[in-house]
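Commentary on secondary and tertiary structure
Now for the letters of each chain:
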Amino acid sequence: MKNKKRSSISRIVIELDKCTVCRSCELACSYHFKKEFNPNKSQIKILFDPKTAVLRITQENGCDLCKDEKSPLCVRYCVSGALKTERAE
Ligand code: SF4
Ligand code: SF4
């Protein structure tokens, strides 16, 4: 049965204070969709203003939770632990 365990993932949880603005998640996401490393084609967006140090992370509607992958790629490549998966009850 394909990806039985990961099918219960309901959303990606973001902990802003752990984010180092490395942008690996954007590259991983664009690879998932386009097989290329291009932040412009990512469904997760790191929005950081260096002048104010304000950080926002958003997920666009196109996020499919990496349905055909073993696990969500943005979470897998977020080494700081700022992204985690939440499972459905
Ligand atoms: S991979 Fe994690 S630490 Fe890096 S920018 Fe994305 S959320 Fe932040
Ligand atoms: S779960 Fe997959 S599709 Fe959704 S933002 Fe993360 S890498 Fe992109």
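All residue numbers here refer to positions counted from 1 along the written sequence of the relevant chain. Chains carry letters from A onward and ligands carry numbers from 1 onward, assigned in written order. Totals for whole chains, interfaces and linings use all residues, but because this is a predicted model, local features are given only for residues with pLDDT of at least 70 and pairs of side-chain atoms are given and counted only at 80 or more. To get the side-chain values, take all heavy atoms of the structure and skip hydrogens and water.

Turning to the packing of aromatic side chains, a few remarks are in order. Any Phe, Tyr or Trp ring, taking Trp's six-membered ring, that has another such ring centre within 6.5 Å forms a pair; planes under 30 degrees apart are called stacked, those over 60 apart edge-to-face, and the others tilted. Counted under the stated rule, the structure contains 1 aromatic pair. Ring geometry for Tyr 31 against Phe 37: centres 5.4 Å apart, planes inclined by 15°, an arrangement best described as stacked. Taking the relative accessible area as the measure of exposure, Tyr 31 reaches 36% and is therefore partly exposed. We classify Phe 37 as exposed; its relative accessible area is 59%. A ring is considered to have a charge above it if a Lys NZ or an Arg CZ atom is located within 6 Å of its centre and within 35 degrees of its normal. Sitting over the face of the ring of Tyr 31, Lys 35 holds its NZ or CZ atom 5.0 Å from the ring centroid. Only protein chains enter the area calculation, which uses a 1.4 Å probe; residues under 20% of their type maximum are buried, those over 50% are exposed, and those in between are partly exposed.

The next subject is the side chain of Glu 69. Numbering goes from the N terminus for both helices and strands, where a helix is a DSSP run of H or I of at least four residues and a strand is a run of E of at least two. Mapped onto the secondary structure, Glu 69 falls in the loop between strand E3 (54–59) and helix H2 (73–76). Among buried charged residues, Glu 69 stands out as having no salt bridge; its nearest opposite-charge side chain is Lys 35, 4.5 Å away. His is not counted, nor are the chain ends; Lys and Arg add positive charge and Asp and Glu add negative charge. For salt bridges, the criterion is a side-chain nitrogen of Lys or Arg within 4 Å of an Asp or Glu carboxyl oxygen.

Contacts to ligand 2 come from Cys 29, His 32, Phe 33, Ile 44, Gln 59, Cys 63, Asp 64, Leu 65, Cys 66, Pro 72 and Cys 74. Within this scheme a cavity is a closed region of a 1 Å grid, computed over the protein atoms alone, that accommodates a 1.4 Å probe without allowing it to escape, whereas a pocket is open but has protein on both sides within 12 Å along at least five of seven lines; lining residues each have an atom within 4 Å of a point. Each molecule is checked against the cavity or pocket grid, and it sits inside if more than half of its atoms lie within 2 Å of the grid points. Judged by the proximity of its atoms to the pocket grid, ligand 2 belongs to the largest cavity. In this count, Pro and Cys sit with the nonpolar residues alongside Ala, Val, Leu, Ile, Met, Phe, Trp and Tyr, while Asp, Glu, Lys and Arg are called charged and the others, Gly among them, polar. Across the shell around ligand 2, the residue classes tally to 8 nonpolar, 2 polar and 1 charged. Here, proximity means that at least one heavy atom of the residue falls within 4 Å of the molecule or strand.

Mapped onto the elements of the fold, His 32 is located in helix H1 (residues 24–34). Throughout, a residue-residue contact means that at least one pair of heavy atoms, one from each residue, lies within 4.5 Å. The residues touching His 32, leaving out its near neighbours within four places in the chain, are Asp 64, Cys 66, Lys 67, Glu 69 and Leu 73.

Each patch groups residues whose relative accessible area exceeds 30% and which form no salt bridge, using 9 Å between like charges and 5 Å between nonpolar side chains of Val, Leu, Ile, Met, Phe, Trp and Tyr. Methods summary: accessible areas were calculated by the Shrake-Rupley approach with a probe of 1.4 Å, and residue burial reflects only the protein chains presented. Judged by side-chain polarity, Leu 27, Tyr 31 and Phe 37 come together as a nonpolar surface patch covering roughly 300 Å² of accessible area. One can find Phe 37 in the loop between H1 and strand E2 (44–49).

Per the stated rule, a full pass over the model turns up 5 salt bridges. A salt bridge links Arg 11 to Glu 86; its shortest N-O distance comes to 2.9 Å. In this pair, Arg 11 is assigned in strand E1 (residues 9–14) and Glu 86 in strand E4 (residues 83–87), connecting sequence segments 75 residues apart. A residue is classified by how much of its surface remains accessible, and Arg 11, at 42% relative accessible area, is partly exposed. For Glu 86, a relative accessible area of 32% corresponds to the partly exposed category. The residue Lys 41 makes a salt bridge to Glu 36 at a minimum N-O spacing of 3.5 Å. Taken together, the salt bridges that share partners define one network made up of Glu 15, Lys 18 and Lys 84.

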